[in-house]
Amino acid sequence: AQTVTQSQPEMSVQEAETVTLSCTYDTSESDYYLFWYKQPPSRQMILVIRQEAYKQQNATENRFSVNFQKAAKSFSLKISDSQLGDAAMYFCAYRRVKTSYDKVIFGPGTSLSVIP
Amino acid sequence: DVKVTQSSRYLVKRTGEKVFLECVQDMDHENMFWYRQDPGLGLRLIYFSYDVKMKEKGDIPEGYSVSREKKERFSLILESASTNQTSMYLCASSLPLSNQPQHFGDGTRLSIL
């Protein structure tokens, strides 16, 4: 069975600095998708970034980028120039490429604090 | 923008009650999901639906049932609420493609007394 692990329950970063959140996953599939979701306090969970496993190039969205290491089954999220609005729970998620109604597997989350 | 609306933000019920949590999405998404979110456990899938009247059990379906009579609406039912069902419940919807993200509602914080 596929699993997603986030080994850092809590992290903090100084405003304007860079922080990296870790995620590892376990799968026997060769084709799948990986996602990072952000859940601000008392607000909706939203997609931050996604990565397709067959693509070698790491995905980037403005200040957010990933380091995807397929062989190591690692998918870390880097946040550059951290802002107060980045404070949130961050969830790493995995979804295999199969049927249209396959489920997403989420990690336990990392709570990120941003220090002014 | 996709809008996923959950009927209640906070809900307090008593043990043994039948509880209904409602979720409506406005983007004609085929897939809808109910998750339970608990600290340190992340999101755990209760049920999902890939079409009207179709449903699949997730990882923790015990004590729950679902209903999807219309494409836009997905209801979660706690048949006889128990204190261990006190939690945050999240509804989500998505297109039926593996690379498509899920769109979440605001969540319902349910307390069972």
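Above this text is the structure in question.
Let me begin by describing the structure that accompanies this report.

Reading the values: the criteria
- Residues numbered from 1 in each chain as written.
- Chains lettered and ligands numbered in written order.
- Predicted model: local features only at pLDDT ≥ 70, side-chain atom pairs only at ≥ 80, totals over all residues.
- Heavy atoms only, no water.
- Contact = heavy atoms within 4.5 Å.
- Buried area = accessible area lost by both parts, 1.4 Å probe.
- Salt bridge = Lys/Arg side-chain N within 4 Å of Asp/Glu carboxyl O.
- Polar contact = N/O pair within 3.5 Å; in protein donor to acceptor, adjacent residues only side chain to side chain.
- Helix = DSSP H or I, 4+ residues; strand = E, 2+ residues; numbered from the N terminus.
- Nonpolar A, V, L, I, M, F, W, Y, C, P; charged D, E, K, R; others polar.
- Core = buried A, V, L, I, M, F, W, Y, C linked by side-chain atoms within 4.5 Å.
- Buried < 20%, exposed > 50% of the residue type's maximum accessible area, 1.4 Å probe, protein only.
- Disulfide = S-S within 2.5 Å.

## As for the interface of chain A and chain B
The extent of an interface is frequently quoted as the accessible surface area lost upon association of the parts.
Then, in step 1: Facing 23 residues of chain A, the contacting portion of chain B comprises 27 residues.
Then, in step 2: For the pair chain A and chain B, the two sides together bury roughly 2,000 Å², of which 51% comes from carbon and sulfur.
Then, in step 3: Viewed at the interface, chain B and chain A are joined by 1 salt bridge.
Then, in step 4: Here D59(B) ties to K103(A) by a salt bridge, and the two come within 2.5 Å at their closest N and O atoms.
Then, in step 5: There are 7 residue pairs in polar contact (both at pLDDT 80 or more) connecting chain A and chain B.
Then, in step 6: Of all the secondary-structure elements, those providing two or more residues to the side of chain A that touches chain B are β5 (32-39), β6 (46-52) and β10 (88-96) of chain A.
Then, in step 7: A per-element tally of the side of chain A that touches chain B places β5(A) first, with 4 residues.
Then, in step 8: Partitioned by chemical class, the residues of the side of chain A that touches chain B number 11 nonpolar, 6 polar and 6 charged.

## Digging into the nonpolar core
Then, in step 1: Core analysis: the biggest nonpolar cluster contains 26 residues, and Y25(A), W36(A), F75(A), L77(A) and Y90(A) have the highest contact counts within it.
Then, in step 2: Broken down by secondary-structure element, the contributors of at least two residues to this core are β3 (19-21), β5, β6, β8 (64-69), β9 (74-79), β10 and β12 (110-115) of chain A.

## Details of the state of the cysteines
Then, in step 1: Evaluation of the coordinates by the stated rule reveals 2 disulfides over all chains.
Then, in step 2: At a sulfur-sulfur separation of 2.0 Å, the disulfide partner of C23(A) is C92(A). Handedness of the C23(A)-C92(A) disulfide follows from its S-S torsion of about -70°: it is left-handed. With C23(A) in the loop between β3 and β4 (24-26) and C92(A) in strand β10, the pair connects residues that are 69 residues apart, well separated along the chain. With respect to burial, C23(A) and C92(A) carry one shared label: buried.
Then, in step 3: Between C23(B) and C91(B) runs a disulfide, and the two sulfur atoms are separated by 1.9 Å. Residues C23(B) and C91(B) are joined by a disulfide whose S-S torsion is about -80°; by sign, that bridge is left-handed. A residue pair is termed long-range when its members are at least 10 positions apart, and C23(B) in strand β3 (residues 19-25) and C91(B) in strand β9 (residues 87-94) qualify at 68 residues. Each of the two residues, C23(B) as well as C91(B), counts as buried.

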